[in-house]
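Residues per chain are reported as follows:
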Amino acid sequence: MAAQQAEQTIHVGGEWRPALSGATREILDPADAEPFAVVAEGDEKDADLAVAAARRAFDEGPWPHTPVAGRAALLRRVADLLVRDREELGLLESRDAGKTLEEGRVDIDCVADAFRYFADLVVGEGGGRVVDAGTADVHSVVVHEPVGVCALITPWNYPLLQASWKIAPALAAGNTFVVKPSEITPLTTVALLRLLAEAGLPDGVAGLVTGPGHTVGARLAEHPDVDLVSFTGGLVSGTKVARAAADTVKKVALELGGKNPNVVFADSCATEEGFDTAVDQALNAAFIHSGQVCSAGSRLIVEESLRERFVAELARRAGAIRLGRGTGEGVECGPLVSERQRARTEEYVASALEEGAVLRAGGKRPEPSELRPANGYFYEPTVLDRCHRDMRVVREEVFGPVLTVETFTTEDEAVALANDTEYGLAGAVWTADAGRARRVAGRLRHGTVWINDFHPYLPQAEWGGFGRSGVGRELGPSGLAEYRETKHVYQNLAPAPVRWFAG
């Protein structure tokens, strides 16, 4: 971020400016806790200005009436710009969120894919759904229109990816929006807003307010001129957003995380190749981005007969994961995003050990090294064996590099354990039995179920959860539908008196 723009990270009506209060916030690199950027610290007044600009742009501006082909063309230009700036944006995402540089690059690829997907989706639609009214004298059609002004509140773990899952469909549908990124990882969202302007988005359509959730986010959720609020984050904050939105009866979409089971049947490990793959994928499920993933496979539920061999190998490999600064050569896992998040992780591990869990790997801060500055927020990948459902670490979302191990002996028991959570975002089943795979996948109460895999998603397939994982869906046709209102237009081609009333 250029020095002269460092504090001008609030975007209103096509202009960049500082916070009205003049407040700022330092953005820290989680690898060394050193500040490397400064952003504006907005508040409710900044949110009000941004909403007012988005309201004018929707009510009076050209974007909601721009033909579908024009909206799709802009989304594709944004995707091209993302590809152009892939290295710069990937590095910024790595430094901001602490993830490895390769993870940052992959994120940018996925963001570009989302913009292209929603461009393709809207241009491939027809002009509405014709409804047969039973007579040639009536033309009846169901059409979709933009919701209006959208408030988009995004999390700190995948800043740009989660923003794109909201911004791309919102724009494709013809809405205007105000986005509030996490106050600790806002930099790539700021960069994306600049790319939207470069791509030719009209002034006022896209707004951005950097600042904390309890001021900016809360105001956006309750604002009477906001027609929809889409929030991705924690359960506690999400319920506050829903309450705030209720008074104005606006549309609400919530993605509130998960406590995701990874169920491993012994038959999936009958061969050495199968065993190696299942262990490798269990590591990926739990420790990608230091476990700071809403769909992380943080609950390993393994068949009892396989437990000892599987957990021993899993613990060995977890102990060999190379921790360090995300931009470092050979680093496989970066730091946690903040000191607060590391302290939260340490608290969960301590409580698990007090409740009887057995530590098989990790469970502490690593020794400092050239790749791991002493002030960085590093924590070793941790494997906790002999866990049970009554433990906090099994019930609650840790959002850190912590994997718990539970066991089962029957298929019914495996399904019961996997579904024994208030969340329902994602889960996986590993088995060589195709019939069992389909049965278990069909019984799991989770929005995404992987069979013999973990973590992949497709922009054309819906993403979201059951239970307290939230309401609504992102991605896929349903992800576009969230940003639309449905209207029935009934045209009588041969109007005549009804004569209901005699006079």
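Residues numbered from 1 in each chain as written. Predicted model: local features only at pLDDT ≥ 70, side-chain atom pairs only at ≥ 80, totals over all residues. Heavy atoms only, no water.

J.: Before we go on, may I ask you to explain a nonpolar patch on the surface in this structure?
T.: There is a patch of nonpolar side chains on the surface, built from V498, W500 and F501 and spanning about 490 Å² of accessible area. Structurally, the position occupied by F501 is in the segment after strand 20 (484-492). Residue classification places F501 among the exposed residues on the basis of a relative accessible area of 69%. (Patch = residues over 30% accessible without salt bridge, like charges linked within 9 Å, V, L, I, M, F, W, Y side chains within 5 Å. Areas by Shrake-Rupley, 256 points an atom, 1.4 Å probe, with all protein chains shown as cover. Salt bridge = Lys/Arg side-chain N within 4 Å of Asp/Glu carboxyl O. Helix = DSSP H or I, 4+ residues; strand = E, 2+ residues; numbered from the N terminus. Buried < 20%, exposed > 50% of the residue type's maximum accessible area, 1.4 Å probe, protein only.)

J.: In this structure, what is going on with the side chain of D46? I would like to understand it.
T.: Mapped onto the elements, D46 comes out in helix 1 (residues 44-60). Judged by its relative accessible area of 0%, D46 falls in the buried class. At 3.2 Å, the side chain of D46 and the side chain of R17 are in polar contact. (Polar contact = N/O pair within 3.5 Å; in protein donor to acceptor, adjacent residues only side chain to side chain.)

J.: Would you take a moment to explain the sheet that holds strand 16 (residues 402-408) for this structure?
T.: Sheet strands line up and pair through hydrogen bonds in the backbone, either parallel or antiparallel. Pairing within the open sheet is mixed, and its seven strands lie in the order 14-15-16-13-12-17-18. Strand pairing shows two members of the sheet lacking a second neighbour, strand 14 (358-361) and strand 18 (448-451), which therefore form its edges. Neighbour-to-neighbour, the strand axes of this sheet turn through a mean angle of 25 degrees, independent of strand direction. Across three bridges, strand 14 lies against strand 15 (residues 382-385) in antiparallel orientation. Pairing of A361 across the sheet is with V383, part of strand 15. (Pairing = 2+ DSSP bridges. Axes fitted to C-alpha atoms, helices over the stretch in contact; angles between N-to-C directions.)

J.: Explain the pattern of salt bridges to me, please; I cannot follow it from the model alone.
T.: Two side chains that carry opposite charge are able to pair once their charged atoms sit near each other. This structure, assessed with the given rule, holds 46 salt bridges. In this structure, the salt-bridge partner of E313 is R317, at a minimum N-O distance of 2.7 Å. Here R317 and E313 lie together in helix 10 (residues 307-319), a separation of four residues that amounts to about one turn. The exposure class of E313 is buried, given its relative accessible area of 17%.

J.: Which parts of the structure should I look at to understand the sheet that holds strand 20?
T.: With respect to topology, three strands assemble into an open sheet ordered 5-6-20, the strand pairing being antiparallel. Looking at the sheet topology across the chains shown, the edges are occupied by strand 5 (129-130) and strand 20. Two elements, strand 6 (residues 138-146) and strand 20, share nine bridges in a ladder whose sense is antiparallel. Within the sheet, the bridge partner assigned to V142 lies in strand 20 and is H488.

J.: I tried to follow the environment of D109 on my own but got confused; where do I start?
T.: Among the secondary structure elements, D109 is positioned in helix 4 (residues 101-123). Judged by relative accessible area, D109 falls into the partly exposed class, the value being 31%. For the pair D109 and A119, spaced 10 residues apart in the sequence, the C-alpha separation amounts to 16 Å.

J.: Could you clarify how one ought to interpret the nonpolar core in this entry?
T.: Within soluble globular proteins, side chains that are nonpolar tend to cluster in buried spots. Counting 89 residues, the largest nonpolar core has L82, F115, L196 and F310 as its most contacted members. The greatest single-element share of this core, amounting to 11 residues, is contributed by helix 4. Discounting chain neighbours no more than four positions away, the residues touching L196 are V78, F115, I167, L171, F177, L201 and A206. If you look at the next biggest cluster of nonpolar residues, it comprises 27 residues, including A47, V209, A221 and Y423. (Core = buried A, V, L, I, M, F, W, Y, C linked by side-chain atoms within 4.5 Å. Contact = heavy atoms within 4.5 Å.)

J.: Please clarify how unusual backbone geometry should be interpreted in this entry.
T.: The residue V249 is not glycine, and still its phi comes out positive at about 50 degrees. Residue placement: V249 occurs in the loop between helix 8 (235-246) and strand 11 (251-255). The residue N452 is not glycine, and still its phi comes out positive at about 55 degrees. Tracing the sequence through the fold places N452 in the loop between strand 18 and strand 19 (470-471).

J.: Even after reading the chapter, I still don't get the side chain of T215, so can you show me in this structure?
T.: Along the chain, the position of T215 falls in helix 7 (residues 213-222). Every residue in contact with T215, bar those within four places of it in the chain, is listed here: G42, D43 and E44.

J.: How do you make sense of helix 8 when you look at a structure like this?
T.: Since the α-helix packs 3.6 residues into each turn, any two residues three or four apart lie on the same face. Between its terminal C-alpha atoms helix 8 stretches 16 Å, which fits the 16 Å expected from 12 residues at 1.5 Å a residue. Looking at the buried residues of helix 8, the elements they touch are helix 7, strand 10 (228-232) and strand 11. (Expected span 1.5 Å × (residues − 1).)

J.: Which parts of the structure should I look at to understand the environment of D29?
T.: Mapped onto the elements of the fold, D29 is located in strand 3 (residues 24-29). Setting aside residues up to four positions removed in sequence, D29 forms contacts with E34, F36, R95 and R325. Looking at D29, its side chain comes within polar contact range of the main-chain nitrogen of A31, at 2.9 Å.

J.: Explain the packing of helix 1 against helix 7 here, please?
T.: Two packed helices can be described by the angle between their axes and the distance between those axes. One way to put it is that helix 1 packs onto helix 7 with a least axis distance of 8 Å and a crossing angle of 40 degrees. Judged by the inter-axis angle, helix 1 sits oblique to helix 7. The handedness of the crossing between helix 1 and helix 7 is right-handed. Where helix 1 abuts helix 7, its residues E44, A47, D48 and V51 lie against T215, V216, R219 and L220. Looking at the contact of helix 1 with helix 7, its residues break down into four nonpolar, one polar and three charged. (Parallel < 35°, antiparallel > 145°, perpendicular 65-115°, else oblique. Left-handed = near helix turned anticlockwise from the far one by under 90°. Nonpolar A, V, L, I, M, F, W, Y, C, P; charged D, E, K, R; others polar.)

J.: Any chance you could explain the packing of aromatic side chains here in plain terms?
T.: Between two aromatic rings, the relevant description is the distance of the centres plus the angle of the planes. The final tally for this structure, using the stated rule, is eight aromatic pairs. Ring centres 5.9 Å apart and planes at 85 degrees place the aromatic pair F275 and F310 in the edge-to-face group. A residue pair is termed long-range when its members are at least 10 positions apart, and F275 in helix 9 (residues 272-287) and F310 in helix 10 qualify at 35 residues. Of the two residues, F275 and F310, neither departs from the other in class, the shared state being buried. (Phe/Tyr/Trp six-rings, centres within 6.5 Å; stacked < 30°, edge-to-face > 60°.)

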